[in-house]
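# Structural overview for review
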Amino acid sequence: MSELALQAEKLDAADELASLRDRFVLDTASGHAADAAVVYLDGNSLGALPAQVPDRVADVVRRQWGELRIRSWEESGWWTAPERIGDRIAPLVGAAAGQIVVGDSTSVNVFKALVAAVRMAGEDRTEILVDATTFPTDGYIAESAARMTGRTLRRVTPSEVPAALGDRTAAVLLNHVDYRTGRLHDLPSLTAAVHAAGALAVWDLCHSAGALEVGLDEHGVDLAVGCTYKYLNGGPGAPAYLYVREELQPRFDSPLPGWNSHTDPFGMSPSYAPAPGAPRGRVGTPDILSMLALEAALNVWDGVRVSAVRAKSLALTDFFLRCVRAYTEPGRVECVTPERHEERGSQIALRCPDAGEVMGRLIARGVVGDFRHPDVLRFGFTPLYVGFAETERAARILGEELA
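Residues numbered from 1 in each chain as written. Predicted model: local features only at pLDDT ≥ 70, side-chain atom pairs only at ≥ 80, totals over all residues. Heavy atoms only, no water.

### Focus: the nonpolar core
Formed by 86 residues in total, the largest nonpolar core has its most connected members in Phe 320, Phe 379 and Leu 398. Considering every element that reaches this core, the biggest residue donor is helix α10 (residues 306-327), with 9 residues. A domain-level breakdown of this core finds at least three residues from each of domain 1 (3-37 + 305-402) and domain 2 (55-301). Ignoring anything within four residues of it in the chain, the contact list for Leu 398 reads Phe 320, Val 324, Leu 350, Val 358, Leu 362, Leu 377 and Phe 379. Val 118, Leu 173, Leu 223 and Ala 278 belong to the second largest nonpolar core, which has 29 residues in total. (Core = buried A, V, L, I, M, F, W, Y, C linked by side-chain atoms within 4.5 Å. Buried < 20%, exposed > 50% of the residue type's maximum accessible area, 1.4 Å probe, protein only. Helix = DSSP H or I, 4+ residues; strand = E, 2+ residues; numbered from the N terminus. Domains from an automatic or database assignment. Contact = heavy atoms within 4.5 Å.)

Below is the structure:
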């Protein structure tokens, strides 16, 4: 056994989160030996299945829907699920209860948050700034929001934001972690800079929530959105969430007012009056099946400290980089993820010319990461279920395939 493999065994033995793996359904690689478990390093795209979810979904379908039917809106708590589940997510992103509502997609929530931020900023604020390196949809929505509100849109990198801010800035839309490179942006200082300019900060937490400490309340973030199917393991198409800071809730003016966010939803009034608090971020009927699957998935976080998750994330990614350097030819791959912990999310992105072909071969051998055009191998580390021996094995197989 190699020195790195022995080191991995020691790290796994000392890992305080190791037992959490049993809370997930993680099977073996198809076509491989029974003891050759899949190394799943794509939880930054779709988290693994929490073991409690199948029985919960079966109960929702067979009993709540099949037997109680419409009574479940009240008796099974369907109606209050968006706020109840929002309060479950809140401590994972550093927020107090009553500020997060779950529902709709990330894209829809980005639109709601950004347009509402512009409206709160006032008519004299005529420019929106958007992260030029953002996930494409965020940029598309920012462009549409600018057209709809009569503002101009300027694309800047996060490092350029402080210099780009001015008295015309209405809102700034930023990603906490870059989806390609895994770079972690400085949420506290950038939020402070946005506020110093009199603008509002909107953060996309898709690649940070559940992997590291966010601190929404602590750092005074105005609005935030995020998905739940990555590090929160809510399942494919799981609903996203919207955070609205408590002080801003009375002024939050959603561009998508729906009957679910009406102060009297069953009054069926032709005129709209928004509900108080976080529920004014709701729109239409909640997607109950996926929402309650998410609620069950969040049980894996019981008793888990986000700080411990972050510490293991950094240890895993440090160890992976060490193994990659030991097992690959110098210069064969280039790490595009920052080395510094304060600038790193929970993934490692490696650049190589034949990345697409390499990832295909890795997956065939049971190491599941993903490929980002044109030349990036992306490996996501979910500390709740990824261990150090798996990490060493993934790097060793990568080295073999690159050779």
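There is more to say after this.
### Focus: the domain arrangement of the protein chain
For the protein chain, the domain assignment lists domain 1 (3-37 + 305-402) and domain 2 (55-301). With centres defined by C-alpha atoms, the gap from domain 1 to domain 2 works out at 30 Å. Facing the 25 residues of domain 1 at the interface are 20 residues of domain 2. At the boundary of domain 1 and domain 2, one finds 1 salt bridge. Across the salt bridge formed by Glu 343 and Arg 183, the nearest N and O atoms sit 3.3 Å from each other. (Salt bridge = Lys/Arg side-chain N within 4 Å of Asp/Glu carboxyl O.)

### So, the state of the cysteines
According to the stated counting rule, one finds 0 disulfides in the structure shown. Considering cysteine sulfurs only, Cys 352 is the nearest to Cys 335, which forms no disulfide, with 12 Å between them. (Disulfide = S-S within 2.5 Å.)

### Looking at the sheet that holds strand β5 (residues 127-131)
As summarised here, the arrangement of the 7 strands in space is β4-β10-β9-β8-β7-β5-β6, forming an open sheet in which the pairing is mixed. At either margin of the open sheet sits one strand with a lone partner, and together these are β4 (100-102) and β6 (152-156). Geometrically, the sheet is characterised by an average inter-axis angle of 15° between neighbouring strands, direction not taken into account. With 3 bridges connecting them, β4 and strand β10 (residues 241-244) associate as antiparallel partners. What sits directly across from Ile 100, in β10, is Tyr 243. (Pairing = 2+ DSSP bridges. Axes fitted to C-alpha atoms, helices over the stretch in contact; angles between N-to-C directions.)

### Overview of the sheet that holds strand β14 (residues 370-372)
On the basis of which strands lie adjacent, the open sheet formed by 4 strands has the order β11-β12-β15-β14 and antiparallel pairing. Each edge of the open sheet is held by one strand with a lone partner, namely β11 (334-335) and β14. Relative to strand β12 (residues 347-351), β11 runs antiparallel, the two sharing 2 bridges. If you follow Cys 335 over to β12, its bridge partner there is Leu 350. In this fold α10 packs onto β11, β12 and β15 (376-380), with an angle of close to 25° to the strand it touches most, β12. Contacts from helix α11 (residues 355-364) reach β14 and β15 within the one sheet, and its direction differs from that of β15 by about 40°.

### Things to note about the UniProt feature "modified residue: N6-(pyridoxal phosphate)lysine" (unreviewed entry) in the protein chain
As recorded in UniProt, the sites labelled "modified residue: N6-(pyridoxal phosphate)lysine" (unreviewed entry) are Lys 230. Checked against the element boundaries, Lys 230 lands in the loop between β9 (223-226) and β10. Excluding residues that lie within four positions of it along the chain, Lys 230 makes contacts with Gly 43, Asn 44, Ser 45, Gly 47, Cys 206 and His 207. From its side chain, Lys 230 meets the backbone oxygen of Asn 44 in a polar contact 3.2 Å long. (UniProt positions renumbered as here; feature names shortened; annotations may be inferred. Polar contact = N/O pair within 3.5 Å; in protein donor to acceptor, adjacent residues only side chain to side chain.)

### Points about the packing of helix α2 (residues 53-68) against helix α9 (residues 288-297)
Packing of α2 against α9 leaves a shortest axis separation of 9 Å and a crossing angle of 140°. In terms of axis orientation, α2 runs oblique to α9. The two elements α2 and α9 meet at a crossing, and its hand is right-handed. Together, Val 53, Arg 56, Val 57, Val 60, Val 61, Gln 64 and Trp 65 of α2 and Ile 288, Leu 289, Leu 292, Ala 293, Glu 295, Ala 296 and Ala 297 of α9 make up the contact between the two elements. Grouping the constituent residues of the contact of α2 with α9 by class yields 11 nonpolar, 1 polar and 2 charged. (Parallel < 35°, antiparallel > 145°, perpendicular 65-115°, else oblique. Left-handed = near helix turned anticlockwise from the far one by under 90°. Nonpolar A, V, L, I, M, F, W, Y, C, P; charged D, E, K, R; others polar.)

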